[in-house]
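# Architecture and fold: a report
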Amino acid sequence: MKSKTEFKYEALLDADDIQDVLKALSKGLSKGKLEFSEEKEGALTLDPKGLMRLKVSASEDEDSQQFEVKVRWEKRPKRLNKTAPNILS
């Protein structure tokens, strides 16, 4: 089994720069390919296809506000049985 490969990035950016990142993610989703890389490390390429699970959350406390967007999909989606089951009653 292949080990988990990760890409993590954290920076202080203004709203315009964050919009550019979100636009790049949107463009990659529309093309079906997202490539994440930094200068020191190799690239991580993801191939988003089919139905995807979307999770959006937002929170606020005294000192800060935040929102998170998470998208997840199966690399090899499970095939659903297309025939009805036999049920005896």
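Residues numbered from 1 in each chain as written. Predicted model: local features only at pLDDT ≥ 70, side-chain atom pairs only at ≥ 80, totals over all residues. Heavy atoms only, no water.

### Regarding the overall build of the chain
- Across its full length, the chain carries one helix and four strands.
- When the helices and strands of the chain are read in sequence order from the N terminus, they spell out α-β-β-β-β.
- Against the compact-globule benchmark of 12 Å for 89 residues, the chain has a radius of gyration of 19 Å, which places it well outside the compact range.
- Projected onto its principal axes, the C-alpha positions of the chain cover 65 × 40 × 25 Å.
- The buried share of the chain, taken over its 89 residues, is 7%.
- Taking the intrachain contacts of the chain between residues at least 6 apart in sequence as the baseline, contacts between residues at least 24 apart amount to 22%.
- Taken as a whole, the chain presents about 9,500 Å² of accessible surface, with 50% of it coming from carbon and sulfur.
- Averaged over its 18 positive side-chain charges, the chain has a centre that lies 17 Å from the centre of its 17 negative ones. (Helix = DSSP H or I, 4+ residues; strand = E, 2+ residues; numbered from the N terminus. Rg over C-alpha atoms; globule rule 2.2 N^0.38 Å. Buried < 20%, exposed > 50% of the residue type's maximum accessible area, 1.4 Å probe, protein only. Contact = heavy atoms within 4.5 Å. Areas by Shrake-Rupley, 256 points an atom, 1.4 Å probe, with all protein chains shown as cover. Lys, Arg positive; Asp, Glu negative; His and termini not counted. Charge placed at Lys NZ, Arg CZ, Asp CG, Glu CD.)

### Concerning the pairing of strand β4 (residues 65-72)
- The buried count for β4 comes to zero of eight residues, which makes it a mostly uncovered element.
- Pairing of strand β3 (residues 53-60) with β4, which is carried by eight bridges, proceeds in the antiparallel orientation. Pairing of K55 across the sheet is with K70, part of β4.
- Connecting β3 to the antiparallel partner β4 that follows it, the hairpin turn spans four residues. (Pairing = 2+ DSSP bridges.)

### Points about a positive patch on the surface
- Where like charges cluster on the molecular surface, the positive patch consists of R53, K55, K70 and R72.
- Elements supplying a minimum of two residues to the positive patch: β3 and β4.
- Checked against the element boundaries, R72 lands in strand β4. (Patch = residues over 30% accessible without salt bridge, like charges linked within 9 Å, V, L, I, M, F, W, Y side chains within 5 Å. Salt bridge = Lys/Arg side-chain N within 4 Å of Asp/Glu carboxyl O.)

### A few points about helix α1 (residues 15-31)
- Between its first and last C-alpha atoms α1 spans 24 Å; for 17 residues at 1.5 Å apiece the expected length is 24 Å, and the two agree.
- Where α1 starts, the residue carrying a side-chain oxygen 3.2 Å from the main-chain nitrogen of D16 turns out to be D14.
- Downstream of α1 by one or two residues, G32 has phi in the positive range, about 80°. (Expected span 1.5 Å × (residues − 1). Polar contact = N/O pair within 3.5 Å; in protein donor to acceptor, adjacent residues only side chain to side chain.)

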